[in-house]
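# Notes for the structure review
As a plain string of letters, each chain reads:
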Amino acid sequence: MKILVCISKVPDTTSKISFKDGNKKFEEAGVQWIINPYDEWYALVRAIELKEKDPSTIVHLITVGGADTEPIIRKALALGGDEAIRVNAVSDDSFYVAAQIAEIARQGSYDLVFTGKETIDYNASSIGGMVSELLDAPYISLATKFELDGTTATITREIEGGEETAEVSLPVVVSCAKGVAEQRIPNMRGIMAARTRPLKIVEPAAIETLTQVASYELPPAKAGVKLVAADNVAELVRLLHEEAKAI
Amino acid sequence: MSVLILIDHADGHIKKSSFEALTYGADLAKQLGTTAAGLLLGTVNDDLPALGKYGITTVQHVNNESLNNLDAQVYAKTIAEAVTATGADVIVISHNQTGKAVAPRLSARLKAGLVAGAIALPDTSNGFVVKKTVFSGKAFANIGITSAVKIISLNPNSYKTVAGEGTAEVKELAVTVDAPKVKITNVNKVKGEVPLTEAEVVVSGGRGLKGPENWGMIEDLAHVLHAATACSRPVADTHWRPHHEHVGQTGIQIAPNLYIAIGISGAIQHLAGVNRSKTIVVINKDAEAPFFKAADYGIVGDAFEVVPKLTEEIKKLKGV
Ligand SMILES: Cc1cc2nc3c(=O)[nH]c(=O)nc-3n(C[C@H](O)[C@H](O)[C@H](O)COP(=O)(O)OP(=O)(O)OC[C@H]3O[C@@H](n4cnc5c(N)ncnc54)[C@H](O)[C@@H]3O)c2cc1C
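This part takes up the packing of helix α4 (residues 127-135) of chain A against helix α3 (residues 97-110) of chain B. Their axes nearest at 7 Å, the elements α4(A) and α3(B) cross at an angle of 45°. The pairing of α4(A) with α3(B) is recorded here as oblique in orientation. In this structure, α4(A) meets α3(B) at a crossing whose hand is right-handed. Counted together, A:Gly129, A:Met130, A:Ser132, A:Glu133 and A:Leu134 of α4(A) and B:Pro104, B:Arg105, B:Ser107, B:Ala108 and B:Arg109 of α3(B) form the full contact between these two elements. Grouping the amino acids of the contact of α4(A) with α3(B) by side-chain chemistry returns four nonpolar, three polar and three charged.

Written as structure tokens, this is what we have:
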């Protein structure tokens, strides 16, 4: 069993978001970087659990990014995984990134590719789907449970207003959401071990891009809250009805 | 050149988010000087010609029941064939659970650039630039699609449905549909509730409500407003509420017309999931709660007193 886990580097959830160069670039100064929470808490931890259950399982991590993503991939390795691969390319085009991952996935003949359900910076929820298409493999998105029995995966996924359970034969690409696993905290042994685990650097394949960021903008500031006294709830209802036209 | 819009459905009915996508696609076609068609995969009980009222001229129908279950691989291939058959060059899909599974696959298959989570019509004055939310609602990005064929997945609740006059012509589309590789073995839907991502009004509770036994008043308020219920992360983590109600950066992102936050402090990770709501009401006993800074209306007070009164006042307004 070979599992490839996609890892992305994103700004910490409390980061103040701002832009520079005429709103064309994200301002990275002062930003703390973390592993994308869905990649870390769900995709990676589930892969590690599968390896704990069957020690012959091989878990590889992959990221597409510059040298500045290495601290993040080391942090991920501290949780688990046998080896990490960094495709040495920087792009904000999902197709370009997905095609690099698919290239590695194809060469390595992985049985399972795990991603987080989306990254908390671009929120596109795209990489897993694109990788699956490029591999011509089935895709289960927004998984909330993942069980493996031999080469059959039983996966529960979010649907509007509920969940459904699906069965599929490997290989499969799965995007992982809450429920697939529980967040883990790396321990000292893991952190030490991560230093000696191989981190391979691979040059990117020649792939076209399909999109390009033109600019960023911040939402307009809120006008400020209108407070209503707690003993005058009728006034709130009036405002919501007449002013906001929300009810 | 034309616009093709995926008509998404469940349990025999077209989803509300698809009416938004149809309106959006028809408006986009107008902007581009072309026509818009809907694409229905599978079967529904709804009136298909009536979809013309959203501005589409045609419904392309792949009448095959196996498509009532979502297998993203089969969907992407079938849609790609429909794109070829109709000569469409812009495809619109809702950025809901179906869209998140299908749109990226279709993008890779057709080498068609995808903007996932669009919130407005593209700017076509110089290229094809689509606005989407990024950083979990804390900012927007304007993204140019550079490929010939383009895919937009539209955030639910971000484009207003407009129904006018018109009838669409329904055409059966003969394309090959592969056998699904994904076998659905069980579907578990919460019956009778409004799905959170489609709800116009959401009533949400946090740790300030002290325990799951106090959710009755939240449900009562939601009931009079025909609202969906939601909660903050610790509430879901402690199993006071089911995890599909968890909104925020690591939960579901929503953009209802009205979001009522009760006993929620308004941490930045919570706001990231709800800050695109059109009107935000905060009820919190702490005047310093950060949520008030993101709110439009607020009451500083004890939820256990305010919420039942609010329910009563809304009942009065609605005459029930
Ligand atoms: C990486 C990361 C991701 C996260 N993702 C999310 C996420 O997706 N969604 C999310 O919600 N959180 C998320 N969090 C957690 C977030 O930081 C907050 O801890 C959480 O939102 C707080 O939940 P709460 O407001 O319900 O509880 P609290 O912070 O405990 O706030 C309770 C509030 O209730 C008020 N209150 C108490 N009693 C009453 C009363 N009787 N009447 C009225 N008001 C009362 C209090 O004044 C207080 O403001 C995340 C955190 C991290 C680190």
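Additional details are given in the paragraphs that follow.
The next thing to look at is the sheet that holds strand β17 (residues 297-300) of chain B. What holds strands together in a sheet is hydrogen bonding between their backbones, with the strands either parallel or antiparallel. Taken in spatial order, the six strands of this open sheet run β15(A)-β17(B)-β16(B)-β15(B)-β13(B)-β14(B), and their pairing is parallel. Every other strand in the sheet has two partners, leaving β15 (226-228) of chain A together with β14 (228-231) of chain B as the edge strands with one partner each. Across this sheet, the average inter-strand angle for adjacent strands is 20°, counted without regard to direction. Where strand β13 (residues 201-205) of chain B lies against strand β15 (residues 258-262) of chain B, five bridges are found, and the strand directions are parallel. Each residue of the ladder has a partner; that of B:Val202, found in β15(B), is B:Tyr259.

Interface size is often expressed as the accessible area that is lost when the parts come together. Taken together, the contact between chain A and chain B spans 79 residues of the former and 86 residues of the latter. For the chain A and chain B pair, buried surface summed over both sides reaches about 7000 Å², with 57% attributable to carbon and sulfur atoms. Seen at the junction of chain A and chain B, the total is seven salt bridges. B:Lys15 is paired through a salt bridge with A:Glu160; the nearest N and O atoms lie 2.8 Å apart. At the junction of chain A and chain B, the tally comes to 36 residue pairs in polar contact (both at pLDDT 80 or more). When residues of the side of chain A that touches chain B are traced back to their parent elements, those giving at least two are α1 (37-53), α4, β9 (139-149), β10 (152-159), β11 (162-169), β14 (211-217), β15 and α6 (233-243) of chain A. Element by element, the count of residues in the side of chain A that touches chain B is highest for α6(A), at eight residues. Looking at side-chain class alone, the side of chain A that touches chain B contains 41 nonpolar, 20 polar and 18 charged residues.

What counts as what
- Residues numbered from 1 in each chain as written.
- Chains lettered and ligands numbered in written order.
- Predicted model: local features only at pLDDT ≥ 70, side-chain atom pairs only at ≥ 80, totals over all residues.
- Heavy atoms only, no water.
- Axes fitted to C-alpha atoms, helices over the stretch in contact; angles between N-to-C directions.
- Helix = DSSP H or I, 4+ residues; strand = E, 2+ residues; numbered from the N terminus.
- Parallel < 35°, antiparallel > 145°, perpendicular 65-115°, else oblique.
- Left-handed = near helix turned anticlockwise from the far one by under 90°.
- Contact = heavy atoms within 4.5 Å.
- Nonpolar A, V, L, I, M, F, W, Y, C, P; charged D, E, K, R; others polar.
- Pairing = 2+ DSSP bridges.
- Buried area = accessible area lost by both parts, 1.4 Å probe.
- Salt bridge = Lys/Arg side-chain N within 4 Å of Asp/Glu carboxyl O.
- Polar contact = N/O pair within 3.5 Å; in protein donor to acceptor, adjacent residues only side chain to side chain.

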